[in-house]
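The primary structure of each chain is shown beneath.
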Amino acid sequence: MPTDPEGNRRTITYTADGPALVEGPVELVTADGRIIRSDRCVVALCLCRRSAIYPLCDTSHRKRRRGTDSGD
């Protein structure tokens with residue numbers, strides 16, 4: 001992957017118990033080749049795979065209570 005000579009880099013912030021936050025706008029390419037485009041200034045990417053709109057986060061991770069998750 002080539003580097004950006006202009007220094008225009010995206011920042012990805014990992015949160016403790018939630019999504020990865022990516023500075024937008026972004027274009028995501030999924031494993032099956034689907035392209036998801038977002039013009040938002042921040043895009044939340046699901047890390048727990050509970051989201052109904054995966055790979056985007058829908059805050060489903062908030063429903064999990066610590067100590068009661070079976071880890072699936």
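Structure's up top.
Calculation criteria
Residues numbered from 1 in each chain as written. Predicted model: local features only at pLDDT ≥ 70, side-chain atom pairs only at ≥ 80, totals over all residues. Heavy atoms only, no water. Core = buried A, V, L, I, M, F, W, Y, C linked by side-chain atoms within 4.5 Å. Buried < 20%, exposed > 50% of the residue type's maximum accessible area, 1.4 Å probe, protein only. Contact = heavy atoms within 4.5 Å. Helix = DSSP H or I, 4+ residues; strand = E, 2+ residues; numbered from the N terminus. Pairing = 2+ DSSP bridges. Polar contact = N/O pair within 3.5 Å; in protein donor to acceptor, adjacent residues only side chain to side chain.

With 5 residues, the main nonpolar core is built from Val 22, Val 26, Leu 28, Ile 36 and Val 43. Beyond its immediate stretch of four places on either side in the chain, Val 22 contacts Thr 11, Ile 12, Cys 41, Val 42, Val 43 and Leu 45.

Following the sequence through the fold, Thr 13 ends up in strand S1 (residues 12-14). When its relative accessible area of 39% is taken as the criterion, Thr 13 is described as partly exposed. If we ignore the near neighbours within four places in the chain, the residues touching Thr 13 are Pro 19, Ala 20 and Leu 21.

This paragraph deals with the pairing of strand S2 (residues 20-23). Going residue by residue along S2, you find Ala 20 and Val 22 tucked away on one face and Leu 21 and Glu 23 left uncovered on the opposite face. Here 3 bridges tie S1 to S2, and the two strands are oriented antiparallel to one another. The residue of S2 that forms the bridge with Tyr 14 is Ala 20. The loop that links S1 with its antiparallel partner S2 comprises 5 residues. Bridge analysis of S2 against strand S5 (residues 42-45) gives 4 bridges, and the strand direction is antiparallel. Considered in S5, the bridge of Glu 23 is made with Val 42.

Moving on, we come to the environment of Arg 49. Secondary-structure assignment places Arg 49 in the segment after S5. A relative accessible area of 61% means that Arg 49 is categorised as exposed. In the structure, Arg 49 is positioned 30 residues away from Pro 19 in sequence and 9.9 Å away in space, judged by C-alpha atoms. Among the polar contacts listed, one links the side chain of Arg 49 to the side chain of Tyr 54, at a separation of 3.2 Å.

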